[in-house]
Amino acid sequence: MWRRLVQRPMGQFTSRSFNRVNYQSQQWTRRMMSRPYTAPVTIGFLGWLFGGVDYDAVRKDISEILEDYDWDDSSWGPVLIRLAWHASGTYCAKDGTGGSNGATMRFKPECDDGANAGLDFARSKLEKIKEKYPSISYADLWILASYVAIEEMGGPKIEFKGGRSDANDGTACPAVGRLPDAALGADHVRDVFYRMGFNDQEIVALVGGGHAIGRCHPDRSGFDGPWTRAPTTISNEFFKRLFEETWVEKKWNGPKQFVDKATGKIMMLPTDLVMKSDPKFRQISQKYFDNEDIFMKDFATAFKKLTELGC
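Residues numbered from 1 in each chain as written. Predicted model: local features only at pLDDT ≥ 70, side-chain atom pairs only at ≥ 80, totals over all residues. Heavy atoms only, no water.

Describing unusual backbone geometry
Stated precisely, the cut-off is as follows: Secondary structure elements follow DSSP: runs of H or I no shorter than four residues count as helices, runs of E no shorter than two count as strands, and numbering proceeds from the N terminus.
Cis geometry marks the peptide bond from Lys108 to Pro109, where omega comes out at 10°. Of note, Pro109 is situated in the loop between helix H5 (77–88) and helix H6 (119–125). The phi dihedral of Asp73 falls on the positive side, at around 50°, and the residue is not glycine. Residue position: Asp73 is located in the loop between helix H4 (55–65) and H5. One non-glycine residue, Ser74, lies in positive phi territory at about 70°. Looking at the element boundaries, Ser74 is found in the loop between H4 and H5.

Here it is, written out as structure tokens:
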């Protein structure tokens, strides 16, 4: 974090920039101080010796590729979480199709789904790790990478359960159009998540966790900007911004979205604002605004459930 500070010309920093660096540094220090020491694992040796996967070694290698000053906000964490989210979010509880098992986003038509635009970068980023550990399936690698990213960005540690397999071709792809459309409202959000077997509390936890980090890109989703001022830190900041900012519609040539009235630097999507406008969603959002510990616990539980649907 401090490397990023000293490598840039001082003139580029405003007081807001310093506050953001300081906030994220505090989050980094908090999670580093609370993490127990673990001895380094020889890369892939146990997996090679026993013919399985040395998940500790894979975790270590994933953590080492996350920081990248040439990528969004200097971290691959958010896009790796999005990869796992979109790979898992196609699940249908009624017929058992979709979900993370199979890693079907490697094939058409799923890889060409507009909702997955930009995720080819994330898949490519993990290729070297897949080559180094050929015994791990793509499906397991994508999910494990998201768990590591969540933990490295200050979020909860999620217990990983392997055993997913990879599909052979695109015939295993789920129907296109199952992922949420950010331009729609509460009914659509519920339709998408209820199809997977989630309730309202789990919906709010997943939206708040997924949109605490990262940013939108006009050349991918069509939308633009980060949700928070700390886009590489897992926290309840999404709910803080949701309630504490005044949101106004952005005046531009892109799709409908909202920006904070004070600065216009952070944004919310129409589906984000229903977490405040819908009475049931609002009650849960208020709970997470008030208590970050409860949010972290619920987010970990819901994200684990999401990534294990159909497995």
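Some remarks on the packing of aromatic side chains
What counts is decided by this rule: By convention, a stacked pair of Phe, Tyr or Trp rings (six-membered ring in the case of Trp) has centres within 6.5 Å and planes under 30 degrees apart, an edge-to-face pair has planes over 60 apart, and any other such pair is tilted. Each residue's exposure class comes from its accessible area (1.4 Å probe, protein chains only) as a fraction of the maximum for that residue type: buried when under 20%, exposed when over 50%, partly exposed otherwise.
If you walk through the whole model with that rule in mind, you get 14 aromatic pairs. An angle of 80° between the planes, with centres 5.9 Å apart, marks the rings of Tyr147 and Phe160 as edge-to-face. Of this pair, Tyr147 sits in helix H8 (residues 138–152) while Phe160 sits in the loop between H8 and helix H9 (186–196); the two residues are 13 residues apart in sequence, bridging distant segments of the chain. For the pair shown, Tyr147 and Phe160 are each scored as buried. Both rings, one in Phe295 and one in Phe299, keep their centres 5.9 Å apart while their planes meet at 20°; by these two values the pair is stacked. Taken together, the positions of Phe295 and Phe299, both in helix H14 (residues 292–308) and 4 residues apart, correspond to about one turn of that helix.

A short note on helix H10 (residues 200–210)
To be explicit about the condition: Two residues form a contact once any of their heavy atoms are found within 4.5 Å. Any N or O atom pair separated by 3.5 Å or less is treated as a polar contact, with the protein-specific requirement of one donor-capable and one acceptor-capable atom, and with residues adjacent in sequence counted only for side-chain atom pairs.
Burial runs high along H10: 10 of the 11 residues are buried. By the burial criterion, the buried members of H10 are Asp200, Glu202, Ile203, Val204, Ala205, Leu206, Val207, Gly208, Gly209 and Gly210. Looking at the buried residues of H10, the elements they touch are H5, H9, helix H11 (237–244), helix H12 (270–277), helix H13 (279–290) and H14. At the N-terminal boundary of H10, the capping side chain belongs to Asn199, with an oxygen 3.2 Å from the backbone nitrogen of Gln201.

Section: the packing of H9 against H10
Angle between the axes and distance between the axes: these two values describe a pair of packed helices. We apply this condition: Angles run from 0 to 180 degrees between N-to-C directions of axes, and those axes are lines fitted to C-alpha atoms, restricted for helices to the stretch in contact. Each angle gets one of four labels, with under 35 degrees taken as roughly parallel, over 145 as roughly antiparallel, 65 to 115 as roughly perpendicular, and the rest as oblique. Only Asp, Glu, Lys and Arg are considered charged, only Ala, Val, Leu, Ile, Met, Phe, Trp, Tyr, Cys and Pro nonpolar, and every remaining residue, Gly among them, polar.
Taken N-terminus to C-terminus, the directions of H9 and H10 make an angle of 105°; their axes are 10 Å apart at the nearest point. In this view, H9 runs roughly perpendicular relative to H10, as classed from their interaxial angle. Where H9 abuts H10, its residues Val189, Arg190, Phe193 and Tyr194 lie against Asp200, Ile203, Leu206 and Val207. Of the residues in the contact of H9 with H10, the class split is 6 nonpolar, no polar and 2 charged.

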